[in-house]
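# Commentary on secondary and tertiary structure
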Amino acid sequence: MSGTCALFTDHYELTMLQAALARGTGHRRAVFEVFARRLPHGRRYGVVAGTGRLLDAIENFRFDDDVLAHLDRTRTADPETLEWLSGYRFSGDIWGYGEGEPYFPHSPLLVVEGTFAEAVLLETIVLSILNFDSAVAAAASRMTSAAHRRPCIEMGSRRTHEHAAVAAARAAYVAGFDSTSNLRAGYTYGIPTRGTSAHAFTLLHDSERDAFTAQVESLGKGTTLLVDTYDVAEAVALGVEVAGTSLGAVRLDSGDLLAQAYEVREQLDALGATETKIVVTSDLDEFAIAALAAAPVDSYGVGTSLVTGSGAPTAGLVYKLVARESADGTLEPVEKKSKDKPGVGGRKHAARRHDRTGTAQAEVIRVNGAPEHRESERALLVPLVRDGEVVGREPLDAARERHESARAELPSTAVQMSRGEPAIPTLYEEH
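Criteria and thresholds
- Just so you know, the residues in each chain are numbered from 1, in the order the chain's sequence is written.
- Totals for whole chains, interfaces and linings use all residues, but because this is a predicted model, local features are given only for residues with pLDDT of at least 70 and pairs of side-chain atoms are given and counted only at 80 or more.
- Working from all heavy atoms in the structure, the side-chain values ignore hydrogens and water.
- Salt bridges are counted wherever a side-chain nitrogen of Lys or Arg sits within 4 Å of a carboxyl oxygen of Asp or Glu.
- Numbering of helices and strands runs from the N terminus, with a helix taken as a DSSP run of H or I at least four residues long and a strand as a DSSP run of E at least two residues long.
- Note on exposure labels: buried denotes an accessible area under 20% of the residue type's maximum, exposed denotes more than 50%, and partly exposed covers the range between, all computed with a 1.4 Å probe on protein chains only.
- Residues count as neighbours in contact if any of their non-hydrogen atoms are within 4.5 Å of one another.
- Whenever a nitrogen or oxygen atom comes within 3.5 Å of another N or O atom, the pair is scored as a polar contact, on the condition that within protein one atom can donate a hydrogen and the other can accept it, and that pairs from neighbouring residues in sequence are kept only if both atoms are in side chains.
- For two strands to be treated as a pair, DSSP must find at least two bridges joining them.
- Lining residues are defined by having an atom within 4 Å of a point belonging to a cavity or pocket. Those points lie on a 1 Å grid over the protein atoms alone, cavities being sets where a 1.4 Å probe fits but cannot get out and pockets being open sets with protein on both sides within 12 Å along at least five of seven lines.
- Grid points are joined across faces, edges and corners, and a volume is the space filled by probe spheres set on the points.

### Quick notes on the pattern of salt bridges
This structure, assessed with the given rule, holds 24 salt bridges. Across the pair Glu-241 and Arg-209 runs a salt bridge, and its minimum N-O distance is 3.0 Å. With a gap of 32 residues between them, Glu-241 in helix H11 (residues 232-243) and Arg-209 in helix H10 (residues 208-219) connect regions that are remote in the sequence. Under the relative-accessibility criterion, Glu-241 is labelled exposed at 54%. Overall, the relative accessible area of 36% leaves Arg-209 in the partly exposed class. Put simply, Arg-352 and Glu-363 hold a salt bridge, and the shortest N to O gap is 2.8 Å. With Arg-352 in strand E14 (residues 348-354) and Glu-363 in strand E15 (residues 360-367), this residue pair connects regions lying eleven residues apart in the sequence.

### Considerations on the environment of Gln-260
With respect to the element layout, Gln-260 can be found in helix H12 (residues 257-270). On a C-alpha basis, the gap between Gln-260 and Pro-383 in space is 50 Å, while along the polypeptide they are 123 residues apart. Here Gln-260 is in contact with Val-232, Leu-252, Ser-254 and Gly-255, once residues within four sequence places are set aside. Engagement of the side chain of Gln-260 in a polar contact is seen with the backbone oxygen of Ser-254, the distance being 2.6 Å.

### Things to note about the pairing of strand E1 (residues 29-36)
Counting buried residues along E1, seven of its eight residues qualify, which places the element largely inside the surrounding structure. In the sheet, E1 pairs with strand E5 (residues 110-115) via six bridges, with the strands oriented antiparallel. Within E5, the position partnered with Ala-30 by the bridge is Gly-114. Sheet analysis places E1 next to strand E12 (residues 317-325), joined by seven bridges and oriented antiparallel. Along E12, the bridge assignment pairs Phe-35 with Val-318.

### Thoughts on empty space enclosed by the protein
Inspection of the entire model under this criterion finds two cavities of 30 Å³ or more. Taken as a whole, the largest cavity spans an internal volume of roughly 40 Å³. If you trace the largest cavity, you find it lined by Leu-39, Pro-40, Arg-43, Gly-46, Tyr-103, Ser-134, Ala-135, Ala-138, Ala-312, Thr-314 and Ala-315. In terms of residue count, helix H6 (residues 123-147) provides more of the lining of the largest cavity than any other element does, three residues in total. By volume, the second largest cavity amounts to about 30 Å³. Together, Arg-43, Arg-44, Tyr-45, Arg-142, Ala-414, Val-415, Gln-416 and Met-417 line the second largest cavity.

Okay, here's the thing in structure tokens:
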């Protein structure tokens, strides 16, 4: 089977390509833009994620012999189009918000410039990656904000597709999660991995004591014991008896986590295990984490809600043509007029405006012309691909650090869990 990602696309991309090439319009210079018309209901900001994965995909977007044979056999494209595809390499330019950057309605997260034929083929792979990763990162950002620097562990692998699980772990790490349970994500991206045991391990043994003893003897006293298979209080006492007061942590995975956290903390302290930490799991989301803010909880494990975007499984991003080459060779703004889906034509430049304290005040989008940013503004678009060559690849930790610093610039309303309008307005300025 072919190793290229060129078939991770929609049929209509090739339909448009074939017709445009036949008409002679496929070679026109074009500018496409990725943006969200709106944020998921009640969200205050979005988070750009998946940029690094996208750059890898663009480099691997090739129509090899196996792919071309399939397209020919299924009559997806005519011989002339197949000949053109055989030499496909994106040779244009791409700019984008840095990975980890917050965004707002109509923020131009990605600007793709090249011929129409080259750029239109990237639509599906761009949206596939950015929509999923940005949805997970936005949810993760709300969770890490609610956690108030308590560590969060991504553990949603069993709740999504195996490849999506790896992408989700990466996106969550960008938005502040400290580790993942997914070993493939650890191998591929260098994300720290964590894992202890499930209830099945306890049930395997003749007694809870046997299970705890086996785990401590194998993994050491710093391990985390799951204490809610039977009776929590008895398990906590048994865990400290087996491992001593240097037991690493106990995990709570069911019941009233708030009440249990207080009870377990009191019990651990009474037993002398004052340094033993409490990890909570069990269908957590940002609201459950916020509700546990005052509880003696040391870290959170999040699965289903995280990998499904916590109610917003897609970021709602679109890929739209905003400018095309006119008869005289200049770029001409274009925009759709559809009801409820209007566009704003023209090539965009974006900046974030700040007040004297460094707090973000507005997302400023300038249409057409060269960018002219004020001293109080931070330019948001950075070069990612130049003349077909990737120039914007960076370490994953750079995206993680960008997110932390950029989120800190937002007004305090941005991290509120209640529903509300975007944290800052989007302003258009015409050159």
